[in-house]
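Topology and contacts: notes
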Amino acid sequence: MNEKIILALAFFAGGGLGAVFFVGLWWTVRKAISSQRPALLFVVSLIVRMGLVLVGFYYVSGGHWERLAACFFGFFVVRMGVTLWSRSKQEPIHAP
């Protein structure tokens, strides 16, 4: 297959991994509010999310650093998008 197509697929796979990671983080924060053991929830969630992302990076890269870099870049783009999106949703804090 054409190498540019493979790199594009790796980029989108990285974006998908980023989406899974940050949706999982969002879910964890929402559930931790009402959890009896929020610290345990955060630790388990982190291990699961990191495990999924690392295994995803491993399989997407297929032993090629170029694919790994494209996958990481897709993850990073999603991270930047989530950061910008979450900042725009915050209400300004005013002094009483």
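Please read these numbers as outputs of a predicted model, since none were measured by experiment.

**A look at helix α1 (residues 3–32)**
If you check α1, its first and last C-alpha atoms are 43 Å apart, about what 30 residues at 1.5 Å a residue would give, namely 44 Å. What α1 keeps buried is the set Ile-6, Ala-10, Gly-14, Gly-15, Leu-17, Gly-18, Phe-21, Phe-22, Gly-24, Thr-28 and Ala-32.

**Side note on the nonpolar core**
Leu-17, Phe-21, Phe-22, Val-53, Phe-57, Cys-71 and Phe-75 together form the largest nonpolar core, which totals 7 residues. Sorting the residues of this core by element identifies α1, α2 (38–61) and α3 (65–89) as the ones contributing at least two each. Top element by residues in this core is α1. It accounts for 3 residues.

**Considering the environment of Val-77**
In this fold, Val-77 is placed in helix α3. Separated by 62 residues in the primary sequence, Val-77 and Gly-15 have C-alpha atoms spaced 7.1 Å apart.

**Description of the confidence of the model for the chain**
Mean pLDDT for the chain: 90, with 91% of residues reaching 70 or above. Confidence, read as mean pLDDT per element, is least for α3 in the chain (90) and greatest for α2 (95).

What counts as what
Residues numbered from 1 in each chain as written. Predicted model: local features only at pLDDT ≥ 70, side-chain atom pairs only at ≥ 80, totals over all residues. Heavy atoms only, no water. Helix = DSSP H or I, 4+ residues; strand = E, 2+ residues; numbered from the N terminus. Expected span 1.5 Å × (residues − 1). Buried < 20%, exposed > 50% of the residue type's maximum accessible area, 1.4 Å probe, protein only. Core = buried A, V, L, I, M, F, W, Y, C linked by side-chain atoms within 4.5 Å. pLDDT = per-residue confidence, 0-100.

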